[in-house]
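Here are the chains, one letter per residue:
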Amino acid sequence: MKHLIANWKSHKTAPQVTQWVESFMQEARELLLPVESEVQLTIAPAMPHLSLLHSALATHVDQANKPHIQLAVQDVSPYPFGSYTGAVAADSLKGMPVQYAIVGHSERREYFHETYQEIANKVDQALSAGIIPIVCVDDEYISEQVAAIPDEHRKKCIVAFEERNAIGSGDAVDTDVVEAVIEQIREQFSPRAVLYGGSVDASNIATYCEISDGVLVGSASLDAKQFARLVQRAQ
Ligand code: PGA
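Below is a summary of the structure that appears in this document.

Conventions adopted
Residues numbered from 1 in each chain as written. Predicted model: local features only at pLDDT ≥ 70, side-chain atom pairs only at ≥ 80, totals over all residues. Heavy atoms only, no water. Near = heavy atom within 4 Å. Polar contact = N/O pair within 3.5 Å; in protein donor to acceptor, adjacent residues only side chain to side chain. Areas by Shrake-Rupley, 256 points an atom, 1.4 Å probe, with all protein chains shown as cover. Nonpolar A, V, L, I, M, F, W, Y, C, P; charged D, E, K, R; others polar. Phe/Tyr/Trp six-rings, centres within 6.5 Å; stacked < 30°, edge-to-face > 60°. Helix = DSSP H or I, 4+ residues; strand = E, 2+ residues; numbered from the N terminus. Buried < 20%, exposed > 50% of the residue type's maximum accessible area, 1.4 Å probe, protein only. Salt bridge = Lys/Arg side-chain N within 4 Å of Asp/Glu carboxyl O. Pairing = 2+ DSSP bridges. Right-handed = clockwise from strand over helix to strand, strands pointing away.

**A word on the site of the ligand**
Okay, so step 1: As a matter of local geometry, the ligand sits amid 13 residues, with Lys9, His105, Gly168, Ser199 and Ser219 nearest to it.
Okay, so step 2: Note that an oxygen atom of the ligand is positioned 2.7 Å from one of the backbone N or O atoms of glycine 168.
Okay, so step 3: Between glycine 218 and the ligand, the recorded distance is 2.8 Å, taken from a backbone N or O atom to an oxygen atom.
Okay, so step 4: Considering the ligand on its own, with 290 Å² of exposed area, one finds that the protein chains cover 99% of that surface.
Okay, so step 5: Of the residues that constitute the shell around the ligand, the class distribution is four nonpolar, seven polar and two charged.

And the structure:
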């Protein structure tokens, strides 16, 4: 099974979330996307839109060819419940329809100065709340990141290889480099899956899905019709 994870980052208002679901479902009907598919779709919306997105997806439960979509968060707190104003503890997501948490995305590193240890703590918090972490790594710092994450946690994670320069640039990493880094990640991490992320679009998704366990998609997931075509090409 391949993962296709949409990372909406800091985009979309509440009405735009509902509109996205309507357009995606309509496009899925028109493209005849299969319900039982080899591709597991997941969306990571902005945290306040989780319930709204879940409800909007649930209204299509009777649609004949409705692709099944899971939900992810884009981050969790490295701390448990407590006095950490503004942080969302992984435990507060218990009972919500959240299967995955992206942690250590390079934008979190760049703009929020996250450290390897904080990322490892986020992995710990997510796992203890029953959420699968999607740990983002760049080839420059794979070894440091692996070293910070305890051995017994590594195999429970999904790892996404994302080179900083490839994100949002339209310039995806060459497939031979991606293949080599994926191999390195499998050796060092033994994770449940290894994904590639960075300028994945409808023209290259099939290639990246072939050499990995799936992809993390930012820009090309924001437009519902474009995303439906991505799903079609990933089959
Ligand atoms: P992009 O983002 O698809 O816009 O390059 C990928 C990501 O940051 O996960």
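Now that the structure is up, let's keep going.
**As for the packing of aromatic side chains**
Okay, so step 1: As enumerated under the stated definition, the model contains eight aromatic pairs in all.
Okay, so step 2: Ring plane angle 45° and centroid distance 5.6 Å describe the contact between tryptophan 20 and phenylalanine 227, whose orientation is recorded as tilted. Of the two residues, tryptophan 20 sits in helix H1 (residues 14–31) while phenylalanine 227 sits in helix H9 (residues 224–234), which places them 207 residues apart along the sequence. Across the pair, phenylalanine 227 and tryptophan 20 agree in class, each one buried.
Okay, so step 3: Where tyrosine 116 meets tyrosine 141, the ring centres are 6.0 Å apart and the plane angle is 45°; that geometry is what we call tilted. One end of the pair, tyrosine 116, is in helix H4 (residues 116–128); the other, tyrosine 141, is in the loop between strand E5 (132–137) and helix H5 (142–148), and 25 residues separate them in sequence.
Okay, so step 4: On the basis of relative accessibility, which here comes to 10%, the residue tyrosine 141 falls in the buried class.
Okay, so step 5: Pairwise contacts between aromatic rings join Trp8, Trp20, Phe24 and Phe227 into one cluster.

**A short note on the pattern of salt bridges**
Okay, so step 1: All told, the structure shown has eleven salt bridges when counted by the stated rule.
Okay, so step 2: A salt bridge links glutamate 27 to lysine 225; the shortest N-O distance between them is 3.5 Å. With glutamate 27 in helix H1 and lysine 225 in helix H9, the pair connects residues that are 198 residues apart, well separated along the chain.
Okay, so step 3: The buried category is assigned to glutamate 27, whose relative accessible area is 9%.
Okay, so step 4: You can call lysine 225 partly exposed: its relative accessible area is 33%.
Okay, so step 5: The partner of lysine 122 in a salt bridge is aspartate 75, with the nearest N and O atoms 2.7 Å apart.

**Some words on the pairing of strand E7 (residues 193–197)**
Okay, so step 1: Of all the five residues making up E7, five are buried; the element is thus mostly covered by neighbouring parts of the structure.
Okay, so step 2: Residues Ala193, Leu195 and Gly197 line one face of E7 and the alternating positions Val194 and Tyr196 line the opposite face, and both faces are buried.
Okay, so step 3: Bridge count for strand E6 (residues 158–162) against E7 is five bridges, and the pairing is parallel. Bridged to valine 159 within E7 is valine 194.
Okay, so step 4: Tracing the backbone out of E6, into helix H7 (residues 175–189) and back to the parallel element E7 gives a crossover that is right-handed.
Okay, so step 5: Examined bridge by bridge, E7 and strand E8 (residues 214–217) share two bridges and lie parallel to one another. Within the sheet, the bridge partner assigned to glycine 197 lies in E8 and is leucine 216.
Okay, so step 6: In this fold, the crossover linking E7 to E8 by way of helix H8 (residues 205–211) has right-handed handedness.

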